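Per-entry structural report
Letter by letter, the chains look like this.
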Amino acid sequence: MLRLTCCTALCLLFRTVLMLHWFQAVGAALILYLGTGGWHFLKVFYMTVGRDLRGALTLVRVKLQVNRHLRERNTIPSIFKECVNRHPDKTALIFEGTGVSWTFRELDEFSNAVANFLYAEGFRAGDVIGLFMENCNEYVGLWLGMAKIGVEAALINFNLRLDALEHCFSVSNSKAVVFGKELSQAMCDIHSMMGKSVRLYCHGDCDPTTVPHGTEFLASLLQSASRHPPKDPGRGFTDKLFYIYTSGTTGLPKAAIVVHSRYFRMAALVHYGFGMRSDDVVYDCLPLYHSAGNIVGMGQCILHGMTVVIKKKFSASRFWDDCAKYNCTIVQYIGEICRYLLNQPLREVETQHRVRMALGNGLRPTIWTEFTSRFRIPQVAEFYGATECNCSLGNFNNHVGACGFNSRILPFVYPIRLMKVNEETMELIRNHNGLCIPCKPGEPGQLVGRIIQSDPLRRFDGYVNESATSKKIAQNVFKHGDMAYLTGDVLVMDELGYMYFRDRTGDTFRWKGENVSTTEVEGTLSRLLGQADVVVYGVEVPGTEGRAGMAAVADPKHACDLDKFARDLKKSLPGYAHPVFLRLLPEVNKTGTYKFQKTDMRKEGFNPDLVKDQLYVLDTQQGKYISLNEELYKRIQSGKFKL
């Protein structure tokens, strides 16, 4: 018994010594870990774990729903039908222009009439019909009705004219065009350029004398169409839904392909990530030919049964009156909208509303707090994304200035990265193994997203033009053999993983909430100026969002008639694409391959102290270009001269 007791005591003593050594080893390892920077990871973990879990749960939730829709071969129309069945008499759409509201049943029946009429006219799944209209309830019903029989709508920017407009119809191979009566003249201007087989339908109370010959009038034709559901076209969740046009560095607008799963993903991530509710009312003042207006905003109605108020065009003076009148709880914006609202005089109605969330992208950090405090908006739901991209971001926890985040704890859960680029050429920098180099916190880089075509959340559907598609794809980015989507945008990430928009790569710049292609504008200006050499680029202006367009024109004989030039611009380009500044110089420098050199001119901007050439600025009040001198330059810098 004594010998057994001694053995037990020795065992206990041995275990105690081992435990002490283990604790010492763990303690030493912990001290070493913290001493070599491990405390920083613990800090990041503590400050971001809640945010990251919310983001991960949102991804999982959307992923599970996407998988279900894939299995069941659902489409956007079939998901919309579920909303109709749940609450047929709930208000779906309100058109602020007329005050007309549609219930979910009425929207469903109108879209059924569109589907049945077009089917009777011979249109079938895979055909494309251009939709060229301003915002209204019928706009939604038209593309939804087309989708019900598998016809793909090409959503055309209603600001486009002449060559750019005709290009959008031809590149999508549109077999017909539905246009609004307000755009009759634009259609007359390009009618001779279009093929004779393209059928034309006018929506609205159209005057037969103001539309192209052969136009049919849609309103009367739809009255006799059946309101019953059309025959199922047999489309699936990854089939094409419609096309949205996006400006790029290739010149004319590019038709981005939107499949059913992409529409669902974009709308669902916003809905769940930002905590939207079924009783929310969305104020959608963005054009419905854009993904922000028609997917992020309208998707809340089509997929989640929310009421959406459609505004014909954004109005800063009427914005808060509308929100109060229709009890809106969510408003959509792009960065410029927020600035326009802040420039309005103070009014009582701007705080007499129920808005709890501002949803959009491009809100400048410098006015973020002023915007939320003045208008008493608790949450800014800022996001980053593009129609065709596979690497959207969301600022789910109201972090001032950020357009989204990526987890620093588990960065590979969401396969996106900021990759180092050459600041002059904006090309990706690669290491000795040929792979791209990820940026560290604080380093600006191009945002890229790994492409996995079998995953609807990671796929890239590209454009109608295959060449344009290939330019947005990089090989061997994360690892050898992979592919990644190139956003063309430079962002910077802080130590907590929050992302901040920095700039756009290439020749595209953003002004008045629109992406402007310098190549497209250069071509138009050169034509207007008798094929003169023209270089277009964006320049920064204090107190404004994005970059203002500036055109450097080779005018060696000083023969440029600026008054005529300003008049011609109005007929050829939308207002946001008009160059704000002009620089007239003897000649434009070119490279050996006849490419214009614009880096130095972009740096010099419109500063008369740096630029010795003639400078002009567009006076929007007079509608003409006026000479830009030192005094006027100071007024622009101080914000006293409005652009």
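We now turn to the structure provided with this report. (Residues numbered from 1 in each chain as written. Predicted model: local features only at pLDDT ≥ 70, side-chain atom pairs only at ≥ 80, totals over all residues. Heavy atoms only, no water.)

A separate point is the overall build of the protein chain. A count of helices and strands for the protein chain gives 18 helices and 28 strands. Radius of gyration (C-alpha) of the protein chain: 28 Å, near the 26 Å computed for a compact globule of 643 residues. In terms of principal-axis extent, the alpha carbons of the protein chain reach across some 120 × 70 × 55 Å. Here the protein chain, with 643 residues, has 55% of them falling under the buried criterion. Residue pairs at least 24 apart in sequence account for 69% of intrachain contacts in the protein chain once pairs closer than 6 positions are excluded. Of the roughly 29000 Å² that the protein chain leaves accessible, carbon and sulfur atoms contribute 54%. Put simply, the protein chain has 75 plus and 64 minus side-chain charges, and the middle of one group is 6 Å from the middle of the other. (Helix = DSSP H or I, 4+ residues; strand = E, 2+ residues; numbered from the N terminus. Rg over C-alpha atoms; globule rule 2.2 N^0.38 Å. Buried < 20%, exposed > 50% of the residue type's maximum accessible area, 1.4 Å probe, protein only. Contact = heavy atoms within 4.5 Å. Areas by Shrake-Rupley, 256 points an atom, 1.4 Å probe, with all protein chains shown as cover. Lys, Arg positive; Asp, Glu negative; His and termini not counted. Charge placed at Lys NZ, Arg CZ, Asp CG, Glu CD.)

Running from amino to carboxyl end, helix H15 (residues 518-528) crosses helix H16 (residues 562-572) at an angle of 135°, the nearest separation of the two axes being 11 Å. Accordingly, the angle class assigned to the pair H15 and H16 is oblique. The two elements H15 and H16 cross, and the hand of that crossing is right-handed. Residues Thr 524, Leu 525, Arg 527 and Leu 528 of H15 touch H16, and the partners they reach there are Phe 565, Asp 568, Leu 569 and Ser 572. Along the lines of polarity and charge, the residues of the contact of H15 with H16 split into 4 nonpolar, 2 polar and 2 charged. (Axes fitted to C-alpha atoms, helices over the stretch in contact; angles between N-to-C directions. Parallel < 35°, antiparallel > 145°, perpendicular 65-115°, else oblique. Left-handed = near helix turned anticlockwise from the far one by under 90°. Nonpolar A, V, L, I, M, F, W, Y, C, P; charged D, E, K, R; others polar.)

On the basis of which strands lie adjacent, the open sheet formed by 7 strands has the order E7-E6-E5-E3-E4-E8-E9 and mixed pairing. Two strands close off the open sheet at either side, each with one partner strand: strand E7 (216-217) and strand E9 (254-259). Relative to E9, strand E8 (residues 240-246) runs antiparallel, the two being bridged by 6 bridges. Counterpart to Ile 244 in the pairing with E9 is Ala 256. Set on the sheet, helix H8 (residues 260-273) makes contact with E8 and E9; between it and E9 the angle comes to about 80°. (Pairing = 2+ DSSP bridges.)

Tallied over the entire structure, the rule returns 1 disulfide. Here Cys 188 is not cross-linked by a disulfide; its sulfur's nearest cysteine counterpart is in Cys 202, at 9.6 Å. Between Cys 338, a cysteine without a disulfide, and Cys 285, which holds the nearest cysteine sulfur, the sulfur-to-sulfur distance is 9.5 Å. The class for Cys 338 is buried, based on a relative accessible area of 0%. (Disulfide = S-S within 2.5 Å.)

Ranked by size, the top nonpolar core spans 109 residues in total, and within it Leu 93, Phe 132, Trp 143, Phe 242, Tyr 263, Met 298 and Ile 302 carry the most contacts. The contact partners of Met 298, leaving out residues within four places of it in the chain, are Leu 93, Val 140, Tyr 263, Asp 284, Leu 288, Gly 293, Val 308 and Ile 310. By size, the runner-up hydrophobic cluster in this structure holds 44 residues, among which are Val 534, Leu 573, Tyr 625 and Leu 632. (Core = buried A, V, L, I, M, F, W, Y, C linked by side-chain atoms within 4.5 Å.)

Where strand E1 (residues 91-95) meets strand E2 (residues 100-103), 4 bridges bridge the pair, whose relative direction is antiparallel. Bridged to Thr 91 within E2 is Thr 103. Between the antiparallel neighbours E1 and E2 lie 4 residues, among them Gly 99 with a positive phi of about 80°.

This next bit is on the sheet that holds strand E26 (residues 581-585). The pairing of strands in a sheet comes from backbone hydrogen bonds and takes either a parallel or an antiparallel form. The strand order across the open sheet formed by 5 strands is E24-E25-E26-E27-E28, and the pairing between neighbours is mixed. Edge positions in the sheet fall to strand E24 (534-539) and strand E28 (624-627), since each has one partner strand and no second. The mean inter-strand angle of the sheet, taken between neighbouring strand axes irrespective of direction, is 30°. With 4 bridges connecting them, strand E27 (residues 614-619) and E28 associate as antiparallel partners.

Because the α-helix completes a turn every 3.6 residues, residues three or four places apart line up on one side. A rise of 1.5 Å per residue sets the reference length of helix H3 (residues 104-120), with its 17 residues, at 24 Å; its end C-alpha atoms lie 24 Å apart and thus fit the reference within 8%. Summarising burial for H3: 12 of the 17 residues are buried, a large majority. Those residues of H3 not exposed but buried are Phe 104, Leu 107, Asp 108, Phe 110, Ser 111, Asn 112, Ala 113, Val 114, Ala 115, Asn 116, Phe 117 and Leu 118. Of the residues trailing H3, Gly 122 is marked for its positive phi of about 100°. (Expected span 1.5 Å × (residues − 1).)

On to a nonpolar patch on the surface, then. A contiguous nonpolar surface patch, about 260 Å² in accessible area, is contributed by Phe 41, Leu 42 and Phe 45. Mapping Leu 42 onto the fold places it in helix H1 (residues 2-72). (Patch = residues over 30% accessible without salt bridge, like charges linked within 9 Å, V, L, I, M, F, W, Y side chains within 5 Å. Salt bridge = Lys/Arg side-chain N within 4 Å of Asp/Glu carboxyl O.)

Moving on, we come to unusual backbone geometry. The bulk of non-glycine residues show a negative phi, and the bulk of peptide bonds are trans. For Arg 73, which is not glycine, the phi torsion reads 50° and is therefore positive. Structurally, Arg 73 can be placed in the loop between H1 and helix H2 (76-86). Although it is not a glycine, Leu 162 adopts a positive phi angle of roughly 50°. Topologically, Leu 162 is positioned in helix H5 (residues 162-171). Residue Leu 162 is classed as partly exposed on the basis of its relative accessible area of 25%.

Here we come to the pairing of E26. Extensive coverage of E26 is indicated by the burial of 5 of its 5 residues. Pairing of strand E25 (residues 548-554) with E26, which is carried by 5 bridges, proceeds in the parallel orientation. Among the inter-strand pairings, Ala 551 is bridged to a residue of E26, identified as Leu 582. Taking the sense of rotation as the criterion, the β-α-β connection linking E25, H16 and E26 turns out right-handed. Two elements, E26 and E27, share 4 bridges in a ladder whose sense is antiparallel. Along E27, the bridge assignment pairs Arg 583 with Leu 615. (Right-handed = clockwise from strand over helix to strand, strands pointing away.)

What follows deals with the pattern of salt bridges. Evaluated as defined, the whole model comprises 28 salt bridges. As a salt-bridge pair, Glu 152 and Arg 235 come within 2.7 Å of each other at their nearest N and O atoms. With Glu 152 in strand E4 (residues 152-155) and Arg 235 in the loop between helix H7 (218-223) and E8, this residue pair connects regions lying 83 residues apart in the sequence. Of the two residues, Glu 152 and Arg 235, both sit in the buried class.

The next thing to look at is helix H12 (residues 335-342). The buried fraction of H12 is high, at 7 of 8 residues. Along H12, the residues classified as buried are Gly 335, Glu 336, Ile 337, Cys 338, Arg 339, Leu 341 and Leu 342. Buried positions along H12 lie against helix H11 (319-325), strand E12 (330-334), strand E13 (357-361) and helix H13 (365-374).

Another aspect to go through is the environment of Arg 105. Tracing the sequence through the fold places Arg 105 in helix H3. Look past the residues within four positions of Arg 105 in its chain and what remains in contact with it is Val 84, Pro 88 and Asp 89.

So, on to the packing of H2 against H8. When two helices pack together, you describe them by how their axes are tilted relative to each other and by the distance separating the axes. Two elements in contact, H2 and H8, have axes whose closest approach is 9 Å; the angle formed by their N-to-C orientations is 45°. Judged by the angle between their axes, H2 and H8 are oblique. Here H2 contributes Ile 76, Pro 77 and Ile 79 to the contact with H8, which in turn contributes His 260, Tyr 263 and Phe 264. Its residues assigned to classes, the contact of H2 with H8 shows 5 nonpolar, 1 polar and no charged.

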